Amino acid sequence: MKAETAARTRHATRSDKNLLWRDIIKNRWLYIMLIPGVLYFVIFKYIPMYGITMAFQDYTPYKGILGSDWVGFKHFQRFFGEPQFWTLFRNTFLLAIYNIVFFFPLPIVLALMMNEVRRERFKRFVQTLVYVPHFVSWVVVVGVFYMLFTTEGGAINELLYNLTGQKVAFLLEPGWFRTMIVGQSIWKEVGWGTIIFLAALSGVDTQLYEAARIDGANRWRQTWHITLPAIRSTIVILLILRLGNFLDTGFEQIFLMLTPTNRDVGEVFDTYVYTKGLTQAQYSYSAAVGLFKSVVGLALVLGANTLAKKFGEEGVY
């Protein structure tokens, strides 16, 4: 019996291998097209993960990763014991929450609005118009906001002065910092974020809308009962993936907007890593901070994916 079972197992394994090779040969061009993407992730995502070991060393460029002394969790203990830790965590957490609450739903809303447009030329024009800001550098975006909101001749402040007789230091007051950051992100990325949702909306069966109209459903009812359920899985997956970058608030944008007056609310993990790692050459310490962010992101993805499955969604895996 054991011999027969082993023989069947070997036969099944060979059959699976044969089926795999047949599938590869049959779809060889698809696998060839997959190679650049795989190479990208291997070279730029997986191989650099070897550098994580720096977080557990007193790394020096002279000795290299292999020759540097191991110190265990020394840098993590130092990071969690820093008085600045909770300030950094609060600033990063609040910006991340604002992006989830205010930024994430807007591409969905904009995609639903664009999906209702029936004139194809106008729809394409609007799509092009909202996609363009994505290709503008953050340096240009921040420069435009400075020109609009500065108290020294900024268009918005000049308008406020003409209406109220007062100017508001949007770029200097800490209370306006997060609003400015979220506003810039919305202006730059909301249009680009509609691409995936518009693609999902294009797959909705039009017969469902026709049946709903026959039953007397208006546009709002059709959106609520047909459109949103049809793209719900896409929304859930993108939300889970976004949680993986929850603490990544964007270094370039934050760095360009920081001033001595708003640093208390604007300093985040990304700018802190830049200061400690590049300007002060504390490579191991900054690697520990970066690893902490990655671990938090991984935990959020795993937790959100598990929660999504409990509610009947597919999840990421």
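This text goes with the structure placed above it.
Residues numbered from 1 in each chain as written. Predicted model: local features only at pLDDT ≥ 70, side-chain atom pairs only at ≥ 80, totals over all residues. Heavy atoms only, no water.

*Asks:* Would you mind going over unusual backbone geometry with me for this structure?
*Replies:* Of all residues except glycine, most have a negative phi; of all peptide bonds, most are trans. In this structure, Ala-281 is a non-glycine residue whose phi angle is positive, near 60°. The residue Ala-281 is located in the loop between α15 (269–279) and α16 (283–310) in this model. The class for Ala-281 is partly exposed, based on a relative accessible area of 42%. (Helix = DSSP H or I, 4+ residues; strand = E, 2+ residues; numbered from the N terminus. Buried < 20%, exposed > 50% of the residue type's maximum accessible area, 1.4 Å probe, protein only.)

*Asks:* Would you mind showing me how to read helix α7 (residues 120–131) here?
*Replies:* Residue pairs spaced three or four apart in an α-helix point in one direction, given the helix's 3.6 residues per turn. A rise of 1.5 Å per residue sets the reference length of α7, with its 12 residues, at 16 Å; its end C-alpha atoms lie 16 Å apart and thus fit the reference within 8%. Among all positions of α7, only Lys-123, Gln-127, Val-130 and Tyr-131 are buried. Projected down its long axis, α7 carries its buried residues within an arc of 100°, all on one side. Turned more than 90 degrees away from the buried face of α7, the exposed residues are Arg-121, Phe-125 and Leu-129. Those residues of α7 hidden inside the fold are in contact with α6 (105–115) and α10 (177–201). (Expected span 1.5 Å × (residues − 1). Arc of directions from axis to C-beta. Contact = heavy atoms within 4.5 Å.)

*Asks:* I tried to follow the pattern of salt bridges on my own but got confused; where do I start?
*Replies:* Two side chains that carry opposite charge are able to pair once their charged atoms sit near each other. For the coordinates displayed, the defined rule picks out 10 salt bridges. Of the charged contacts, one joins Asp-58 and Lys-74 as a salt bridge, the two residues approaching to 3.4 Å between their closest N and O atoms. Of this pair, Asp-58 sits in strand β1 (residues 57–58) while Lys-74 sits in helix α4 (residues 74–81), placing them 16 residues apart in sequence. Glu-267 serves as the salt-bridge partner of Arg-263, at 2.7 Å between the closest nitrogen and oxygen. Each of Glu-116, Arg-118 and Arg-219 takes part in salt bridges that share partners, so that together they form one network. (Salt bridge = Lys/Arg side-chain N within 4 Å of Asp/Glu carboxyl O.)

*Asks:* What should I look at first to understand the packing of α15 against α16 in this one?
*Replies:* For the pair α15 and α16, the least separation of the axes is 8 Å and the interaxial angle reads 165°. It follows that α15 is roughly antiparallel to α16 by the angle criterion. When the axes of α15 and α16 are compared, the crossing they make is left-handed. On α16, the residues touching Phe-269, Asp-270, Tyr-272, Val-273, Lys-276 and Gly-277 of α15 are Tyr-283, Tyr-285, Ser-286, Val-289, Gly-290, Phe-292 and Lys-293. Partitioning the contact of α15 with α16 into residue classes produces seven nonpolar, three polar and three charged. (Axes fitted to C-alpha atoms, helices over the stretch in contact; angles between N-to-C directions. Parallel < 35°, antiparallel > 145°, perpendicular 65-115°, else oblique. Left-handed = near helix turned anticlockwise from the far one by under 90°. Nonpolar A, V, L, I, M, F, W, Y, C, P; charged D, E, K, R; others polar.)

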